[in-house]
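Letter by letter, the chains look like this.
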Amino acid sequence: MVPRYRQKTISARTGVTILTAVALLAVVLSLFLSNERHEAKQVVKAFYRYEQAGDFGSSWELFHPQMKKKFPKDVYIQRRAHVFMQDFDVETFEYRLDEAEHLASWSMSGEHKPLQDVYRIRVIQTFHSTFGVFELHQDVFVAKENGKWSILFPYDSS
């Protein structure tokens, strides 16, 4: 005689409980990522509002420490004002942001260690200059440093 094995079955109540827990976990994770995505996008909006107003000192304050190391504040203010105000011959610009994309890790350049949980947001700036209307597309990256979201630009290591 062959022994008969009883298959364990999950009761309907247990199945519903498990599915509810999984769904609740998915909702919580979704809200957490959605909130982080929103916070990252708000930092980029603040950065470009300062840039629009020509307040390059305040926009510099939103930089990640790696960016602050690359551009001392006075150098950034001088170069940014020179490019926008003098070279482009504009007083301000419009901008729009694409959706924030979560990246598990990203590095500003080959010389920097990768940062975790970074958001990439494409920024499109529109300039009305003496040379006509043109757009500048740039990927901007946002990472948390010491609990605070900050801005980074990508750089080729060459």
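Residues numbered from 1 in each chain as written. Predicted model: local features only at pLDDT ≥ 70, side-chain atom pairs only at ≥ 80, totals over all residues. Heavy atoms only, no water.

The chain appears in an unreviewed UniProt entry as DUF4878 domain-containing protein from Geobacillus thermodenitrificans.

**Quick notes on the side chain of Ser150**
Assignment of secondary structure puts Ser150 in strand S5 (residues 148–152). Under the relative-accessibility criterion, Ser150 is labelled buried at 5%. (Helix = DSSP H or I, 4+ residues; strand = E, 2+ residues; numbered from the N terminus. Buried < 20%, exposed > 50% of the residue type's maximum accessible area, 1.4 Å probe, protein only.)

**Observations regarding empty space enclosed by the protein**
Under the counting rule described, the total for this entry stands at 1 cavity of 30 Å³ or more. Of the volumes computed, that of the largest cavity is approximately 40 Å³. If you trace the largest cavity, you find it lined by Glu51, Gln52, Phe56, Phe84, Met85, Val90, Glu91, Thr92, Phe93 and Phe127. Elements supplying a minimum of two residues to the lining of the largest cavity: helix H1 (12–52) and helix H4 (73–87). A per-class count over the lining of the largest cavity returns 6 nonpolar, 2 polar and 2 charged. (1 Å grid on protein atoms, 1.4 Å probe; cavity = no way out; pocket = protein on both sides within 12 Å on 5 of 7 lines; lining within 4 Å. Points joined across faces, edges and corners; volume = space filled by probe spheres on them. Nonpolar A, V, L, I, M, F, W, Y, C, P; charged D, E, K, R; others polar.)

**Describing H4**
With 15 residues, H4 should reach 21 Å at 1.5 Å per residue; the first-to-last C-alpha distance of 20 Å fits that figure. Among all positions in H4, only Tyr76, Arg80 and Phe84 are buried. (Expected span 1.5 Å × (residues − 1).)

**Re the pattern of salt bridges**
For the coordinates displayed, the defined rule picks out 7 salt bridges. Note that Glu101 and Arg120 form a salt bridge whose closest N and O atoms lie 2.9 Å from each other. You can see Glu101 sitting in strand S2 (residues 101–106) and its partner Arg120 sitting in strand S3 (residues 115–129), a full 19 residues away along the chain. Overall, the relative accessible area of 38% leaves Glu101 in the partly exposed class. Residue Arg120 is classed as partly exposed on the basis of its relative accessible area of 26%. A salt bridge links Arg122 to Asp139, with the shortest nitrogen-to-oxygen separation between them at 2.9 Å. You can see Arg122 sitting in strand S3 and its partner Asp139 sitting in strand S4 (residues 132–145), a full 17 residues away along the chain. The class for Arg122 is partly exposed, based on a relative accessible area of 34%. Connected through shared salt-bridge partners, Glu61, Lys68 and Lys73 make up one network. (Salt bridge = Lys/Arg side-chain N within 4 Å of Asp/Glu carboxyl O.)

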